[in-house]
Amino acid sequence: MSDAAEFQSALAQVENSAQSDEIRLRVGTYHTADNGSLGNGFALQNSQPAPVKISGGWLGAGCLPRDGRLPADATVLHGGDSDIVLTITAGFSGLQVTIENLTISHGYAHEAPGLGGGLLMLGSNNHTFHHVLIDGVMFQNNNAENASALLLGDAETVHVRNSVFFDNDASDNGTAILNALTAVYFTNNTVIQNTVQGTQDTASVIFSSGSAVLNVVANNIFAEEVVWDVGFFGGNIKNHLLFNVISQFFGPLDSNLGNLDIDPMLNQDLSPQMNSPVVDSGFMPSTHPNQPPEGNWLLGQLDLLRTPRLSGHGVDRGAIEFLDEIFDHGFEE
């Protein structure tokens, strides 16, 4: 895909497809105002259980080759400060969705119910997503009443990894609100300089399910947030907080291991400095087949900049691995 109208057309074609689909977005900026459906943002209401993948950073007329794709900030979905950037609705239970290697920015959701300025994913008519994977996505400059960057609910399992939440603003509650029926894994993300203006029972990243079995928050960096970093809501849930850089959280925990309240020592591009305490200090999930549920997740092969997720003696905390080379990546304003 190379322009906004073509992207929206592809989303419409996927809605009734019974085949596995991948929409590949070439490098560039895709404005919701140019998608041919003014005021609605990019939207997918799927009525089939076939897997759907939306990925960015592609080069060339055929979006090939796969190797050497540019990182997340090279493909931008832009809401123009007037639309929810991307809405995905599960109109058929069992849908698997993957979103990777792109930026979601300048979304806006203040019309009722004011949810999910950047990415909004919900079920409809009692349908649920089976699995949602968000990998290597930059959420920046999104604005909403609640869940300024991301609201994701009505899924069996959710995994958000190797992503950045930067400079998003919620007038009430949450930079990201995540809800699943079975498990949420929030791993190796950087959540920094977001604003949440609510004053009671609010946090930047909220796990809100009343029926989920498991929430795992591991290897993340939470820095310069103006409210609680993490909030856990709901009963009968196993909550695990593992090897994060984090200042404050609320809610019950089943494990609280390896967390540090320190300066993560990040560069301007949010990569760790050479002497940062996040380097090689993260939690390594086991590959043993009989591991406990809190370790039943994968790091992913690449970080936000599409460099190897493991480049040292261990995994770093946050979305970007430390490398000896100097990379000059500035995020789009």
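Everything discussed here concerns the structure shown above.
Keep in mind that this is a model prediction, so the values were computed, not measured. (Residues numbered from 1 in each chain as written. Predicted model: local features only at pLDDT ≥ 70, side-chain atom pairs only at ≥ 80, totals over all residues. Heavy atoms only, no water.)

Participant: Kindly report on the pairing of strand β19 (residues 214–218), identifying the contributing residues and their values.
Facilitator: The element β19 is extensively covered by neighbouring structure, given that 5 of its 5 residues are classed as buried. Neither face of β19 is left uncovered, since the one carrying Leu214, Val216 and Ala218 and the one carrying Asn215 and Val217 both have all their residues buried. Bridge count for strand β15 (residues 176–187) against β19 is 5 bridges, and the pairing is parallel. Paired with alanine 183 across the bridge in β19 is leucine 214. In terms of strand pairing, β19 meets strand β22 (residues 238–242) through 5 bridges, oriented parallel. Residue pairing in the sheet places alanine 218 in a bridge with leucine 242 of β22. (Buried < 20%, exposed > 50% of the residue type's maximum accessible area, 1.4 Å probe, protein only. Helix = DSSP H or I, 4+ residues; strand = E, 2+ residues; numbered from the N terminus. Pairing = 2+ DSSP bridges.)

Participant: Report on the environment of isoleucine 99, specifying residues and quantitative values.
Facilitator: For isoleucine 99, the location among the structural elements is in strand β7 (residues 95–105). A residue is classified by how much of its surface remains accessible, and isoleucine 99, at 0% relative accessible area, is buried. Between the C-alpha atom of isoleucine 99 and that of aspartate 135, which follows or precedes it by 36 residues, the distance is 6.4 Å. Once you skip the residues sitting within four places of it in the chain, isoleucine 99 turns out to touch Ile54, Leu86, Ile88, Leu119, Met121, Leu133, Ile134, Asp135 and Val137. (Contact = heavy atoms within 4.5 Å.)

Participant: Give a detailed account of the nonpolar core, specifying residues and quantitative values.
Facilitator: Core analysis: the largest hydrophobic core is formed by 50 residues, its most contacted members being Leu77, Leu86, Leu150 and Phe186. Beyond its immediate stretch of four places on either side in the chain, leucine 150 contacts Leu119, Ile134, Phe139, Val160, Phe165, Thr175, Ala176, Ile177 and Leu178. Grouped together as the second largest cluster of nonpolar side chains are 15 residues, Val164, Ala223, Leu305 and Ile320 included. (Core = buried A, V, L, I, M, F, W, Y, C linked by side-chain atoms within 4.5 Å.)

Participant: Quick rundown of a nonpolar patch on the surface? Include the residues and the values.
Facilitator: Taken together, the side chains of Val27, Leu59 and Leu70 define a hydrophobic patch exposed on the protein surface, amounting to about 210 Å² of accessible area. Position of leucine 70 relative to the elements: it lies in the loop between β4 (52–58) and β5 (75–78). (Patch = residues over 30% accessible without salt bridge, like charges linked within 9 Å, V, L, I, M, F, W, Y side chains within 5 Å. Areas by Shrake-Rupley, 256 points an atom, 1.4 Å probe, with all protein chains shown as cover. Salt bridge = Lys/Arg side-chain N within 4 Å of Asp/Glu carboxyl O.)

Participant: I'd love a proper account of helix α1 (residues 4–14), names of residues and values included.
Facilitator: Taken residue by residue, α1 has Ala4, Phe7, Gln8, Ala10, Leu11 and Val14 as its buried positions. End-on, the buried residues of α1 take up no more than an arc of 155 degrees, which puts them together on one face. In the core, the buried residues of α1 are packed alongside β1 (21–26), β2 (28–31), β3 (42–46), β4, β5 and β6 (86–90). Where α1 begins, the side chain of aspartate 3 points an oxygen toward the backbone nitrogen of alanine 5, at a separation of 3.2 Å. (Arc of directions from axis to C-beta. Polar contact = N/O pair within 3.5 Å; in protein donor to acceptor, adjacent residues only side chain to side chain.)

Participant: How would you explain the sheet that holds strand β11 (residues 143–146) if you had to name every residue and give the values?
Facilitator: Ordered in space as β8-β11-β14-β17, the 4 strands form an open sheet in which the pairing is parallel. Pairing within the sheet leaves two strands with one partner each, and these edge strands are β8 (108–109) and β17 (195–196). Across 2 bridges, strand β14 (residues 169–173) lies against β17 in parallel orientation. If you follow aspartate 169 over to β17, its bridge partner there is threonine 195.

Participant: An account of the pairing of β6 is requested, with residue identities and associated values reported.
Facilitator: Of all 5 residues in β6, 5 are buried; the element is thus mostly enclosed. Both faces of β6 are covered, namely the face carrying Leu86, Ile88 and Ala90 and the face carrying Thr87 and Thr89. Bridging between β3 and β6 involves 5 bridges; their strand directions are parallel. When the bridges of β6 are listed, asparagine 46 appears paired with alanine 90. Alignment of β6 against strand β9 (residues 119–123), held across 5 bridges, turns out to be parallel. Paired with threonine 89 across the strands is leucine 122, a residue of β9.

Participant: Before we move on, could you go through the packing of aromatic side chains and cite the residues and values that matter?
Facilitator: Following the criterion strictly, the structure yields 11 aromatic pairs and no others. An angle of 75 degrees between the planes, with centres 6.3 Å apart, marks the rings of phenylalanine 7 and tyrosine 30 as edge-to-face. Of this pair, phenylalanine 7 sits in helix α1 while tyrosine 30 sits in strand β2; the two residues are 23 residues apart in sequence, bridging distant segments of the chain. Note on accessibility: phenylalanine 7 and tyrosine 30 belong to one class, buried. In this structure an aromatic cluster arises from ring pairing among Phe139, Phe165, Phe186, Phe207, Phe222 and Phe232. Positioned over the ring face of tryptophan 58 is arginine 24, at 4.2 Å from the centre of the ring. (Phe/Tyr/Trp six-rings, centres within 6.5 Å; stacked < 30°, edge-to-face > 60°. Lys NZ or Arg CZ within 6 Å of the ring centre and 35° of its normal.)

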